[in-house]
Amino acid sequence: MMEKTQLNTKEILDKDFKVSIRGYNQEEVDEFLDIIIQDYETFQQEIERLKNENERLRKQMNQPKSNSSQSAGQVNYDILKRLSNLEKAVFGKRFAD
């Protein structure tokens, strides 16, 4: 996208207009160009921020999934062990055998 832009902030800042008898008020033009430069800088910063976020999200998507299935299996094992201990306590050792 940045390749399609025709101007950058330095080109806007350095632009000199010819002065004519009935020309524009130079101070108004300069003030307006200052606003344009600020907007350009803001847009460029936002574009860079979004590019970085895009890259971060792409990397996050491409990373292998964490060991959630392994940890879920561990949780299930812990639950089964607790349930077994609870059955032993409630129904006695004879039920567990």
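The structure we're discussing is the one just above.
Residues numbered from 1 in each chain as written. Predicted model: local features only at pLDDT ≥ 70, side-chain atom pairs only at ≥ 80, totals over all residues. Heavy atoms only, no water.

**Focus on the overall build of the protein chain**
A count of helices and strands for the protein chain gives four helices and zero strands. Here the protein chain holds 97 residues, and 4% of them are scored as buried. (Helix = DSSP H or I, 4+ residues; strand = E, 2+ residues; numbered from the N terminus. Buried < 20%, exposed > 50% of the residue type's maximum accessible area, 1.4 Å probe, protein only.)

**Digging into the pattern of salt bridges**
Following the criterion strictly, the structure yields three salt bridges and no others. Two residues, Arg49 and Glu46, come together in a salt bridge whose shortest N-O distance is 2.7 Å. In this pair, Arg49 and Glu46 both sit in helix α2 (residues 26-62), three residues apart, roughly one turn of the helix. Taking relative accessible area as the criterion, Glu46 reaches 34% and is therefore assigned partly exposed. A network of salt bridges, in which partner residues are shared, links Glu46, Arg49 and Glu53. (Salt bridge = Lys/Arg side-chain N within 4 Å of Asp/Glu carboxyl O.)

**A look at the environment of Glu41**
On the secondary structure map, Glu41 appears in helix α2. Here Glu41 falls in the partly exposed class, since its relative accessible area comes to 38%. A sequence separation of 33 residues divides Glu41 from Asn8, and the C-alpha atoms of the two residues are 8.8 Å apart.

**Quick word on the layout of surface pockets**
Left-over empty space is what a probe sized like a water molecule reveals as it rolls over the atoms. Of the volumes computed, that of the largest pocket is approximately 340 Å³. For the lining of the largest pocket, the secondary-structure elements that each account for two or more residues are α1 (9-14) and α2. Its residues assigned to classes, the lining of the largest pocket comprises eight nonpolar, three polar and five charged. (1 Å grid on protein atoms, 1.4 Å probe; cavity = no way out; pocket = protein on both sides within 12 Å on 5 of 7 lines; lining within 4 Å. Points joined across faces, edges and corners; volume = space filled by probe spheres on them. Nonpolar A, V, L, I, M, F, W, Y, C, P; charged D, E, K, R; others polar.)

**Description of a nonpolar patch on the surface**
Together, Leu80, Leu83, Leu86, Val90 and Phe91 give the surface a local cluster of nonpolar side chains, amounting to about 520 Å² of exposed area. Tracing the backbone through its elements, the reader meets Leu83 in helix α3 (residues 68-91). You can call Leu83 partly exposed: its relative accessible area is 43%. (Patch = residues over 30% accessible without salt bridge, like charges linked within 9 Å, V, L, I, M, F, W, Y side chains within 5 Å. Areas by Shrake-Rupley, 256 points an atom, 1.4 Å probe, with all protein chains shown as cover.)

**Brief notes about α2**
Over its 37 residues, α2 extends 54 Å from the first C-alpha to the last, a length consistent with the 54 Å expected when each residue adds 1.5 Å. Near the N-terminus of α2, the side chain that reaches the backbone nitrogen of Glu27, with its oxygen 2.9 Å away, is that of Asn25. (Expected span 1.5 Å × (residues − 1). Polar contact = N/O pair within 3.5 Å; in protein donor to acceptor, adjacent residues only side chain to side chain.)

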